[in-house]
Amino acid sequence: MLWEIDMKFTKMQGIGNDYVYINCFDEAIDMDEIAALTVRLSDRHFGVGSDGVILICPSDKADFRMRMFNGCDGSEAEMCGNGIRCVGKYVHDKHLTDKTTVTVETLAGIKTLGLNLVDGQVDTVRVDMGEPVFACGKIPVATDGPEFVDQPVQTPLGTYRMTAVSMGNPHAVTFVEDVEGLEIEKIGPLLENHPLFPKRANIEFIQVVSDGILRMRVWERGSGETLACGTGACASIAAAVVNGRSRRQVKMRLLGGELELDWNETDNHVYMTGPARFVFDGELL
């Protein structure tokens, strides 16, 4: 049986975006079963409970490799900003490395992490998330235009003006007056699976508090609403800047906590800083 396995794991979270982490230096994973395993482990009633599973693997291109699978359907995602911060804490605090600058291979490219220590343990992580991409063909968005910025998207529940951005995975950002009043469980799936987004999209709803403070709720592709999304936060600051709604350095307030974001003018990269936390270690028997 699939579940009759002996495997150690670690539960971690970054501002409430929680994942089951498996150290593939020590554990052998049947990749033919990873989607089903992810769904089972992520179930919050009958499993460990998480937004998904993240594998920490060897890499011949970087210090480590990260693979991330969504909890609702087991699909593999390109990147996870909150998840990769926890990878940084895991590899340092579990003594897989003594570096405080670590490179991690992802499906969205190699990311560089700066580990900020308190009493020898990783407290926060600064991640170079790379350049935001607005080209429709690279996100992708099924439209003839070169970019999809502040464009109307029609749904049975109304029309939303959206800006599409890739941070290695597809995002569509819309600005709202009040994130608390959203019926996100109704509109989220309609936008995630809209025909405009052939690979589906992560959907961010952004409320502008001031030019330096934004509030966000997110409907994640393959996971539903989560307490936080790092790549979504990075996509959202880029969307806010190009729409003239914020400056380049902001605090992003999410349901699970706060991130510091900087869309740097010099290299055009978005830098994200936030906490990474252990929850517990466990073992499947």
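The following paragraphs examine the structure supplied in this document. Not measured: the values here are computed from a predicted model. In this convention, every chain numbers its residues from 1, walking through the sequence in written order. For a predicted model such as this one, the threshold for reporting local features is a pLDDT of at least 70, and the threshold for listing and counting side-chain atom pairs is 80 or more; totals across whole chains, interfaces and linings nevertheless cover every residue. Side-chain measures were taken over the full set of non-hydrogen atoms in the model, leaving aside hydrogen atoms and water.

### Some points on the pattern of salt bridges
Rules: Salt bridges are identified by distance alone: a Lys or Arg side-chain nitrogen within 4 Å of an Asp or Glu carboxyl oxygen. Only protein chains enter the accessibility calculation, which uses a 1.4 Å probe. A residue is then buried if its area is under 20% of the maximum for its type, exposed if over 50%, and partly exposed in between.
Taken as a whole, this structure holds 17 salt bridges when the rule is applied. For the salt bridge of Arg200 with Glu192, the shortest nitrogen-to-oxygen distance reads 3.0 Å. Classification of Arg200 as partly exposed rests on a relative accessible area of 24%. Lys251 is the partner of Glu260 in a salt bridge, and the nearest nitrogen-oxygen pair spans 3.5 Å. According to the relative accessible area criterion, Glu260 is partly exposed, its value standing at 44%. For Lys251, a relative accessible area of 34% puts it in the partly exposed group. Several salt bridges share partner residues, and in doing so they unite Lys11, Asp18, Arg44 and Asp51 into one network.

### Things to note about the nonpolar core
For the record, the criterion: We define a nonpolar core as any set of buried Ala, Val, Leu, Ile, Met, Phe, Trp, Tyr and Cys residues linked to one another through side-chain atoms lying within 4.5 Å. Strands here mean DSSP runs of E at least two residues long; helices mean DSSP runs of H or I at least four residues long; both are numbered from the N terminus. By definition, residues are in contact when any of their heavy atoms lie within 4.5 Å.
Core analysis: the biggest nonpolar cluster contains 54 residues, and Tyr21, Met66, Val87, Met216, Met252 and Leu261 have the highest contact counts within it. Ranked by residues supplied to this core, first place goes to helix 4 (residues 230–242) with 8 residues. In this view, Met252 contacts Ile206, Leu214, Arg215, Met216, Ala233, Ser236, Ile237, Gly257, Glu258, Leu259 and Leu261; residues no more than four positions away in its chain are not counted.

### Observations concerning the packing of aromatic side chains
Put simply, the rule is: Ring pairs shown here join Phe, Tyr and Trp side chains whose ring centres sit within 6.5 Å, with only the six-membered ring taken for Trp; geometry is labelled stacked below 30 degrees between planes, edge-to-face above 60, and tilted in between.
Here the structure, examined in full by the defined rule, presents 5 aromatic pairs. Taking 5.9 Å as the distance between ring centres and 75 degrees as the angle between the ring planes, the aromatic pair formed by Phe25 and Phe64 counts as edge-to-face. On the criterion of sequence distance, the pair formed by Phe25 in the loop between strand 2 (17–23) and helix 1 (34–42) and Phe64 in strand 4 (residues 64–70) is long-range, its members being 39 residues apart. Judged by its relative accessible area of 39%, Phe25 falls in the partly exposed class. Looking at Phe64, the relative accessible area reads 5%, which means it is buried. Where Phe134 meets Trp263, the ring centres are 6.4 Å apart and the plane angle is 35 degrees; that geometry is what we call tilted.

### Re unusual backbone geometry
The peptide bond linking Ile139 to Pro140 adopts the cis configuration, its omega dihedral lying at -5 degrees. One can find Pro140 in the loop between strand 8 (121–128) and strand 9 (151–155). Non-glycine residue Ile15 carries a positive phi angle of around 40 degrees. Looking at the element boundaries, Ile15 is found in the loop between strand 1 (7–14) and strand 2. By relative accessible area, Ile15 is classed as buried at 6%. Despite not being glycine, Asp150 shows a phi value in the positive range, around 55 degrees. Among the secondary structure elements, Asp150 is positioned in the loop between strand 8 and strand 9.

### What about the pairing of strand 10 (residues 158–166)?
Rules: Strand pairing is assigned whenever DSSP identifies at least 2 bridges connecting the two strands.
Of the pairings in the sheet, the one linking strand 9 to strand 10 comprises 5 bridges and is antiparallel in character. Within the sheet, the bridge partner assigned to Gln154 lies in strand 10 and is Thr159. The loop that links strand 9 with its antiparallel partner strand 10 comprises 2 residues. Alignment of strand 10 against strand 11 (residues 170–175), held across 5 bridges, turns out to be antiparallel. Bridge pairing in strand 11 places Val165 opposite His171. Connecting strand 10 to the next strand, strand 11, in antiparallel fashion are 3 residues, including Gly168 with a positive phi near 95 degrees.

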